[in-house]
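Chain by chain, the residues:
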Amino acid sequence: MAHAAPERFASRGPRLSARPQPQQQQAPTRVREANAQYTEKQLQDAWDIFIAINSADHLLINTMRACRPKHRDGDTYTMTVESDIQAALVTENMPRILSHIHGSLDNTHIVINVVTNQGASDPITWNERECLADITRRHPSLADFTAALSLKLG
């Protein structure tokens, strides 16, 4: 009597292939375009809400407080920052900022360009020494007063 050879490695489950199977391509996610009307105040309010929501991100938030976007044309705004470090920080976070603003205002056409100030720095970004230097330049008697009392910044 002939015996059939036992199937030692017979598989009962799906056959696994050593070749990787091509992944099914998913359709790209489409962003819903919206072009609702909004006011300058509404944009600034959305900006402030982003600041409040992200208050732990101190460098970004302080930059956003000091350097608010200015309307240029249509849905285009410009944000002028004082340093390349601030420009890099804001540019890195701009997708998050715009996502919030687009959603808040139901308008995906809004664009905010970041530029670095090439002129004199804005007084709102001055440190204590720069503020004192400006005040004593405008009021020389204050320089005499601080010198007479040997006052110094800490």
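Conventions and cut-offs
- Residues numbered from 1 in each chain as written.
- Predicted model: local features only at pLDDT ≥ 70, side-chain atom pairs only at ≥ 80, totals over all residues.
- Heavy atoms only, no water.
- Salt bridge = Lys/Arg side-chain N within 4 Å of Asp/Glu carboxyl O.
- Helix = DSSP H or I, 4+ residues; strand = E, 2+ residues; numbered from the N terminus.
- Buried < 20%, exposed > 50% of the residue type's maximum accessible area, 1.4 Å probe, protein only.
- Pairing = 2+ DSSP bridges.
- Expected span 1.5 Å × (residues − 1).
- Bend = angle between axes of the 7 residues up to and from the residue.
- Contact = heavy atoms within 4.5 Å.
- Axes fitted to C-alpha atoms, helices over the stretch in contact; angles between N-to-C directions.
- Nonpolar A, V, L, I, M, F, W, Y, C, P; charged D, E, K, R; others polar.
- Core = buried A, V, L, I, M, F, W, Y, C linked by side-chain atoms within 4.5 Å.

## Details of the pattern of salt bridges
Right, so step 1: In this structure the tally under the stated criterion is three salt bridges.
Right, so step 2: Arg 68 serves as the salt-bridge partner of Asp 48, at 2.7 Å between the closest nitrogen and oxygen. Of this pair, Asp 48 sits in helix α1 (residues 40–53) while Arg 68 sits in the loop between α2 (58–66) and β1 (70–73), and the two are 20 residues apart along the sequence.
Right, so step 3: Given a relative accessible area of 36%, Asp 48 falls into the partly exposed group.
Right, so step 4: Arg 68 sits in the partly exposed class, given a relative accessible area of 24%.
Right, so step 5: A salt bridge links Asp 57 to Arg 96, with the shortest nitrogen-to-oxygen separation between them at 3.8 Å. With Asp 57 in the loop between α1 and α2 and Arg 96 in helix α3 (residues 84–105), this pair connects stretches of sequence that are 39 residues apart.

## Looking at the pairing of β1
Right, so step 1: When β1 meets strand β2 (residues 76–81), the two strands line up antiparallel, connected through three bridges. In the sheet register, Lys 70 faces β2, and the bridge partner there is Thr 78.
Right, so step 2: Where β1 hands over to β2, the hairpin turn is made up of two residues, of which Gly 74 adopts a positive phi near 55°.

## Considerations on α3
Right, so step 1: For α3, which comprises 22 residues, the first-to-last C-alpha distance of 29 Å matches the rise-based estimate of 32 Å (1.5 Å per residue) to within 8%.
Right, so step 2: At Met 94, α3 shows its maximal kink, close to 55°; a proline, Pro 95, follows between one and four residues later.
Right, so step 3: Buried residues of α3: Gln 86, Ala 87, Val 90, Asn 93, Met 94, Ile 97, Leu 98, His 100, Ile 101, His 102 and Leu 105, and no others.
Right, so step 4: Tucked into the core, α3 has its buried residues touching α1, α2, β2 and β3 (111–116).
Right, so step 5: A positive backbone phi angle near 55° is found at Asp 106, which sits one or two residues after α3.

## Let's talk about the packing of helix α4 (residues 128–138) against helix α5 (residues 140–148)
Right, so step 1: Between α4 and α5, the shortest axis-to-axis distance is 4 Å and the interhelical angle comes to 115°. Residues Leu 132, Ile 135, Thr 136, Arg 137 and Arg 138 of α4 lie in contact with α5, whose contacting residues are Pro 140, Leu 142 and Ala 143.
Right, so step 2: Of the residues assigned to the contact of α4 with α5, the class counts are five nonpolar, one polar and two charged.

## Here we look at the nonpolar core
Right, so step 1: In this structure, Trp 47, Met 64, Met 79, Ile 97, Ile 101 and Ile 112 are the most contacted members of the largest nonpolar core, which totals 22 residues.
Right, so step 2: Listed by contribution, the elements that provide at least two residues to this core are α1, α2, β2 and α3.
Right, so step 3: A per-element tally of this core places α3 first, with seven residues.
Right, so step 4: Apart from the residues lying within four places of it in its own chain, the contact partners of Ile 97 are Trp 47, Phe 50, Leu 60 and Met 64.

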